[in-house]
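As a plain string of letters, each chain reads:
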Amino acid sequence: MKTKITALILSLLLALFIFPTAFAAESKPIYFGNTAIDWMADETLKLIPLEGKSLEEKATAVYDWMIVNCKRNDWDGTYYFDPNVVAAQAKAMVIPYEEKLAAGELVLHQDISLIVPDNILDSVSLHDSNMYINMSAANMFLTRCGNCSDFSSMLIVLLGHLGVDCRAVSGEFINLNGTRVAHTWNYALINGEYRWLDVRIDHSLYNIFKNGQLSRQYLMISDTNAWAKDHVWTHTYSDWLASNVEAVQTMYQQDFSAT
C-alpha cells in the first residue's frame, strides 16, 4: 500500500529549499518554488518529446505521458526518484534557482488565495493551495501513483514549467450511470484562455478500453457548458478566472522584486 509518509518527510527535510511565492507570467517557466519538486519536474520533462512543439502540443504531450505512465491504484513499490538524490539535487539547485529568479528567467507559482478577491476564496479548492500541491506533487513524482487530486497536482507543476498557469478545481464527476464521485481536475491558462483538463478521467478511459488509443476527451476544453454536463462544481472561482484573464496576466507581469 502506497504511503504519503515519504512525501511528508521529503517536504519537511527540504523546507529550507522552498522559495517565497512571486507572481508568474505565462510566457516564462513557472516553477513551483520547492527545488525538490522542480528538479523532479525538470527530469520528468526530459522523458517527454517537446522539441519543436507549440505550447498546445507540449501540453498535449505532457497530458499523454501522464495517461500512459501514471497509475491510480496498484502501486508496485517503485520509486522513480531516490529521495536522497532528490535532496542532494534540490540543495545544488538553490544558487542557480536564485540567479534565474533574479535574472527574470523564471517565475514562481502563486498561491491563488493571494490573487482572487476575498469573496471568491470560499469557492477555491483546498487542492489548489500551494501547501497541498507541495505534498501531493512530491509523492506523485516519486511514485507516479495517486488519486485524482494527485494527478491534478502533478499536471499543475509540469504545465507550469512550460509557462502555463494551471489551477485545480474540485467538485463531482457524473458517471455514465448517473452516480457521482468526488473529483478534482484542472483549469489552465493556455494561449490567453482558460481551458478545462481532466487527465485522471482520460487516464481511466485509456486503462478501461486498453486498445492502445489515448483518450483526449477531456483535454483543453473551452466550452464550460459542455464541461458541466459531467462535471459539477461551484463556478464562482472558475468564472472569475475566465473573466479576468487580462487582469491576471497583467498582475502576474508586475515586478515584485522590491517588496
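Located above this text is the structure these notes cover.
Residues numbered from 1 in each chain as written. Predicted model: local features only at pLDDT ≥ 70, side-chain atom pairs only at ≥ 80, totals over all residues. Heavy atoms only, no water.

(A) Quick peek at the sheet that holds strand β4 (residues 180-190). If you walk across this open sheet you meet the four strands as β5-β4-β3-β6, and the pairing is antiparallel. Sheet topology places β5 (193-197) and β6 (231-232) at the edges, where each strand pairs with a single neighbour. One ladder, built from five bridges, connects β4 with β5; its direction is antiparallel. The residue bridging L189 from the neighbouring strand is Y194, located in β5. (Pairing = 2+ DSSP bridges. Helix = DSSP H or I, 4+ residues; strand = E, 2+ residues; numbered from the N terminus.)

(B) Region of the structure containing the pattern of salt bridges. Within the structure shown, the criterion is met by seven salt bridges. Between K46 and E43 there is a salt bridge, with its nearest N and O atoms 2.7 Å apart. Note on K46: relative accessible area 61%, which makes it exposed. Owing to a relative accessible area of 23%, E43 belongs among the partly exposed residues under this scheme. Two residues, D76 and K71, come together in a salt bridge whose shortest N-O distance is 3.7 Å. A single salt-bridge network, built from bridges that share partners, covers E56, E193 and R195. (Salt bridge = Lys/Arg side-chain N within 4 Å of Asp/Glu carboxyl O. Buried < 20%, exposed > 50% of the residue type's maximum accessible area, 1.4 Å probe, protein only.)

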